[in-house]
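Residue-level structural notes
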Amino acid sequence: MRRSKHVLKMASVVPFAISDNSQYSIYSSPDGVLKLWEADNGVLKQEYTPSAHLSATCTCLSWGPKRNLETPGRKKRRKSGGAAVTEQYDLIAVGTTAGSILIYSIVKGDVKTIMEEGHADSVNDVCWHPESNYLFSCSCDRHIIQWDVISGKVKHKWKGDSGSVHSICLCAQNHLLSSGRSIKLWDLETYSVLKKFTGHATEVFRLLPVLSSPSELPDSPEGVYFLSAALNDRLVNVWQVNTSVKDKSSIASFSLPEDPVMLDLKKIQDEVVLAAVTRRGQVLVFNHTMNGKVKKPLKPKVTIQVASAGGTDSVPKPIQILASHFCQDQRMLVVHGNYLKPVFEKVELDMTKADVCLIREEPVLSSIKHQGDVSKVKTPAVSNEVTVLAPENTVASGPSLKEKRRRKPSVSDMNMDERLNAISINKPETSKEPPKADTLVRLLTQGLQSDDKNILKSVLGRPTSDAIITNTIKMLPVQAIIPLVKELTNCVSGPSEKGALYIKWLKTLLTVHTSYLITFPDMVDNLSALYQSMDARTRLVDRLSKLKGKLELMLSQIASQAQQGEEDISVDQRPLLMYQEESSDDDMAMDNLMTERSDTEDFDDLFLSDTEAATDQAQVNGTEEEEEEEEDMESD
């Protein structure tokens, strides 16, 4: 059974680690103070403040294996009879921002060894060798160091990546896995790279080997499985070490609704059970049998969350889950509440129940409950008959002597602007309009969480400026992005008169949160219905556009013809101005002469026409006589 000993290293996650036997948990506060709790009863056992806790705070924690380590420079004294030594978890490696590593002993309650002069930057991860006195660490200075815990000195140091090395883990006796921009398999005898694994788009910050026992490492890394998680990635990939094959891709992946903050697993034969604590404070449990490649991402089998009971006047509130850890039996250790006073609880793990909700008391109320009704501020009781005097024998409740002697402001003390404002009749009117918000993120988040259609309709269905939509989408919580995509998809797919408003919201959402939506594995399925609806609606756009153009052309021709007809009817053919000149005697004589000439020409034309007609008749008669004579001659 494999259980995680490391804590996730991220800027927003505090160092918190649980021992393999689920007996202790250790936490480092932001000011560098180490706190050790007993997981069985939740009692704070130790609290240690390092000497340089303010200048070099803790970045990572790692529990050492069950064994006894001798302190450098000291020899253990034994009694003559010899005492029985029991194996227990004693040492904890603490990485700091200064690049040093502290070895803290919970038995002595003090730091045993300080390993310095190794890293030049912050330590990101620490890994113990379970069968030797070696400790491995990686840092932002791009190097990996192999330490000798007995002497506290560096045994070997080499460059692990071109950038920061975020995580390391041992997968065999002499083989180490490191992650930065890529995952590398190292041979610790030659300190050379045997194989590289690629598949994450961002930097890999967590590695977790799948081993049957945390205290036993195989001799060869061939066939060993390990898990990896990357920054802002909702997939936890599963890899298999096989140096003889050139394939560098993962064999399976676990799909999460958001990026994890802590991982833990156990192996039962060929089945792997993974527990991932998400940023929202839920525990997602996966199980998978390693028997080849899986194309689709695996979804969680069980979801565990903690919430308050609520009541008639209060609404149930979710309680943050800080960490989870598989116990040696079939139970799971769940740590919830806050880091000031965490609550440790062991829960029976039933893989047949998809959702498990634990109703517990809120941590804030539980801390206040012990104080009762005691108030920290007490008001002294003062009798009404007592008169309290201030200095110079003046009553404290009345006006002071300086206030009495203060001269009242006169007109001569006012400047010109104040005087004009004082005598002005038109006083400046103050705006009585209520303040307007530039974002609707609170109302939209409330509607998505409660699934209130009226609230969602009031936010998404009303005309809103582009600036308000952009600000709302930018400030939207990560856990509300996918529900908003589903809601907008349903609104756009269905019949609605406000489709343009929904499209504007959906366009802004896809533009702002592209990086998140790309890493979400089920985004293609969620947007398939929207794509089909848009494809069906845009299929006839070309034909409709051509028809619209033809109709507009016909209507324009009809309108132009009608307008031209109206212009022809409205035009008056009469002249706007007529000028008639008075005629003289010469002009009258000329007109008479022209009239007579025209009459003569008409008579001549008539005479000529009659003469031509008579000539034609004579010619016809002559022709007929000649024809009769020829007929007579032929008859003779």
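Provided above is the structure to which this section pertains.
Criteria and cut-off values
- Residues numbered from 1 in each chain as written.
- Predicted model: local features only at pLDDT ≥ 70, side-chain atom pairs only at ≥ 80, totals over all residues.
- Heavy atoms only, no water.
- Buried < 20%, exposed > 50% of the residue type's maximum accessible area, 1.4 Å probe, protein only.
- Helix = DSSP H or I, 4+ residues; strand = E, 2+ residues; numbered from the N terminus.
- Pairing = 2+ DSSP bridges.
- Axes fitted to C-alpha atoms, helices over the stretch in contact; angles between N-to-C directions.
- Phe/Tyr/Trp six-rings, centres within 6.5 Å; stacked < 30°, edge-to-face > 60°.

A closer look at the pairing of strand S6 (residues 91-96)
Of all six residues that make up S6, six are buried, and the element is covered over most of its length. Of the two faces of S6, the one lined by Leu91, Ala93 and Gly95 and the one lined by Ile92, Val94 and Thr96 are each fully buried. Where strand S5 (residues 58-63) meets S6, five bridges bridge the pair, whose relative direction is antiparallel. Each bridged residue has a counterpart across the sheet, and for cysteine 58 the counterpart in S6 is threonine 96. Of the strand pairs in this sheet, S6 and strand S7 (residues 101-105) are connected by five bridges, and their pairing is antiparallel. Residue glycine 95 lies in a different strand from S7, and its bridge partner there is isoleucine 101.

Section: the sheet that holds S5
Strand order in this open sheet of four strands is S5-S6-S7-S8, and the pairing throughout is antiparallel. Each edge of the open sheet carries a strand with a single partner, namely S5 and strand S8 (110-115). Here the average twist between neighbouring strands, direction ignored, is 25°.

Let's talk about the packing of aromatic side chains
Going through the model one piece at a time under the given rule, you end up with twelve aromatic pairs. The interplanar angle of 20° and the centroid separation of 6.3 Å between the aromatic rings of tyrosine 24 and tryptophan 63 together place this pair among those described as stacked. Linking tyrosine 24 in strand S2 (residues 24-28) with tryptophan 63 in strand S5, this pair joins segments that are 39 residues apart in sequence. Assigned by exposure class, tyrosine 24 and tryptophan 63 land together as buried. Ring geometry for tyrosine 27 versus tyrosine 339: centroids 4.9 Å apart, planes at 15°, classification stacked. Highlighted residues: tyrosine 27 in strand S2 and tyrosine 339 in the loop between strand S27 (331-336) and strand S28 (343-348), separated in sequence by 312 residues. For tyrosine 27, a relative accessible area of 5% translates into the label buried. In textbook terms, an aromatic cluster arises when at least three aromatic residues are bridged by ring pairs, as seen for Phe16, Tyr27, Trp37, Tyr339 and Phe344.

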